[in-house]
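Here is how the chains run, residue by residue.
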Amino acid sequence: MTNAENREPARDPQDLERLLIDRQWAGDIEGMLALFEPDAVVDSGDDEPVRGQHAIRALFQQGIAAGRKFQRGDQRPALVNGDLALTSTRLSDGSITSEVARRQSDGTWLWAIDRYSVAF
């Protein structure tokens, strides 16, 4: 699944989590990146959130190189308000992810904000 023409787009905000995990497990960094807006911000719990595709690509490359694998959890129904959606998943360790997705002009959805864990 590394060919851009063969990548399924997120037609619903609920698709984003599944697609991200599938692509990470396949080692498809560009496919993972394709689920985020160009100026998206990701808070992975490190010192500072990363912003923009270049920094997010580096974050994903580091994670894959370290052998980290995202796990599937209990995905909650997206809360949608117009062209924005709040997505979240409770993971098996009890942590909860939180993301903001935005509907694009073609009707697909991309994440604008991704926080790996809302626990402090």
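Since the model is a prediction, treat every value here as computed from it, not as a measurement.

Draft legend 1. Quick look at the overall build of the protein chain. When helices and strands are counted, the protein chain shows 3 helices and 7 strands. Along the protein chain, helices and strands appear, N-terminal first, in the series α-α-β-β-α-β-β-β-β-β. Oriented by its inertia axes, the alpha-carbon framework of the protein chain measures out at about 35 × 35 × 25 Å. Put simply, the protein chain has 120 residues, and 35% of those count as buried. Within the protein chain, residue pairs in contact and separated by at least 24 positions form 42% of the contacts whose partners lie at least 6 positions apart. Of the accessible surface of the protein chain, which amounts to about 7000 Å², a share of 50% is contributed by carbon and sulfur atoms. Here the protein chain contributes 14 positively and 20 negatively charged side chains, and the mean placements of these two sets differ by 2 Å.

Draft legend 2. View of helix H1 (residues 15–25). Within H1, 8 of the 11 residues are buried, which leaves it mostly tucked inside the rest of the structure. One or two steps after H1, the chain reaches Gly27, where phi turns positive at roughly 75°.

Draft legend 3. Layout of the pattern of salt bridges. Counted according to the given criterion, the structure contains 9 salt bridges. Residue Arg102 is joined to Glu37 by a salt bridge in which the shortest nitrogen-to-oxygen separation is 2.7 Å. One end of the pair, Arg102, is in strand S6 (residues 96–103); the other, Glu37, is in strand S1 (residues 36–43), and 65 residues separate them in sequence. The class of Arg102 is partly exposed, set by a relative accessible area of 35%. Taking the shortest distance from any N to any O, the salt bridge between Asp43 and Arg115 comes out at 3.0 Å.

Draft legend 4. Summary view of the environment of Phe60. Note that Phe60 resides in helix H3 (residues 53–65). Distance from Phe60 to Glu30, taken between C-alpha atoms, is 9.3 Å for residues 30 residues apart in sequence. Ignoring any residue separated from it by four or fewer positions in sequence, one finds Phe60 in contact with Leu20, Ile29, Met32, Leu33, Phe36 and Tyr116.

Draft legend 5. Summary view of the nonpolar core. Ranked by internal contacts, the top residues of the largest apolar core, which has 18 residues, are Leu16, Leu20, Phe36 and Phe60. Within the residue set of this core, elements represented by two or more residues are H1, helix H2 (29–33), S1, H3 and strand S7 (109–115).

Draft legend 6. Main features of the side chain of Ser88. Among the secondary structure elements, Ser88 is positioned in strand S5 (residues 84–90). What makes Ser88 buried here is its relative accessible area of 18%.

Draft legend 7. Representation of the packing of aromatic side chains in the model. Considering all chains together, one arrives at 3 aromatic pairs under this definition. Each ring, one from Phe36 and one from Phe60, has its centre 5.7 Å from the other, and the planes form 55°; the classification is tilted. Placement of the pair is Phe36 in strand S1 and Phe60 in helix H3, with a sequence separation of 24 residues. Its relative accessible area of 2% is what places Phe36 among the buried residues. Taking 5.7 Å as the distance between ring centres and 85° as the angle between the ring planes, the aromatic pair formed by Phe70 and Tyr116 counts as edge-to-face.

The rules behind each value
- Every chain begins its residue count from 1, and numbering advances along the sequence as written.
- Local features are withheld for residues below a pLDDT of 70 in this predicted model, meaning they are given only at 70 or higher, and side-chain atom pairs are given and counted only at 80 or more; totals for whole chains, interfaces and linings count all residues.
- Calculation of side-chain values draws on the structure's entire complement of heavy atoms; hydrogens and water are dropped beforehand.
- We count a stretch as a helix when DSSP gives it H or I for four or more residues in a row; a strand needs E for two or more, and each element gets its number in order from the N terminus.
- Here the term buried applies to any residue with accessible area under 20% of the maximum for its type, exposed to any over 50%, and partly exposed to those in between, with areas from a 1.4 Å probe on protein chains only.
- What makes two residues a contact is simply this: any of their non-hydrogen atoms within 4.5 Å.
- In these tables, accessible area is a Shrake-Rupley quantity obtained with a 1.4 Å probe, and a residue counts as shielded only by the protein chains included in the view.
- The convention is simple: Lys and Arg are positive, Asp and Glu are negative, and His and the chain ends are not counted.
- The location of each charge is read from NZ of Lys, CZ of Arg, CG of Asp or CD of Glu.
- A side-chain nitrogen of Lys or Arg and a carboxyl oxygen of Asp or Glu constitute a salt bridge if their distance falls within 4 Å.
- In these notes, a set of buried Ala, Val, Leu, Ile, Met, Phe, Trp, Tyr and Cys residues joined through side-chain atoms within 4.5 Å is what counts as a nonpolar core.
- Put simply, two rings from Phe, Tyr or Trp (the six-membered ring, in Trp's case) pair if the centres are within 6.5 Å, and we call them stacked under 30 degrees between planes, edge-to-face over 60, tilted for the rest.

Any functional reading would require information beyond the geometric quantities listed.
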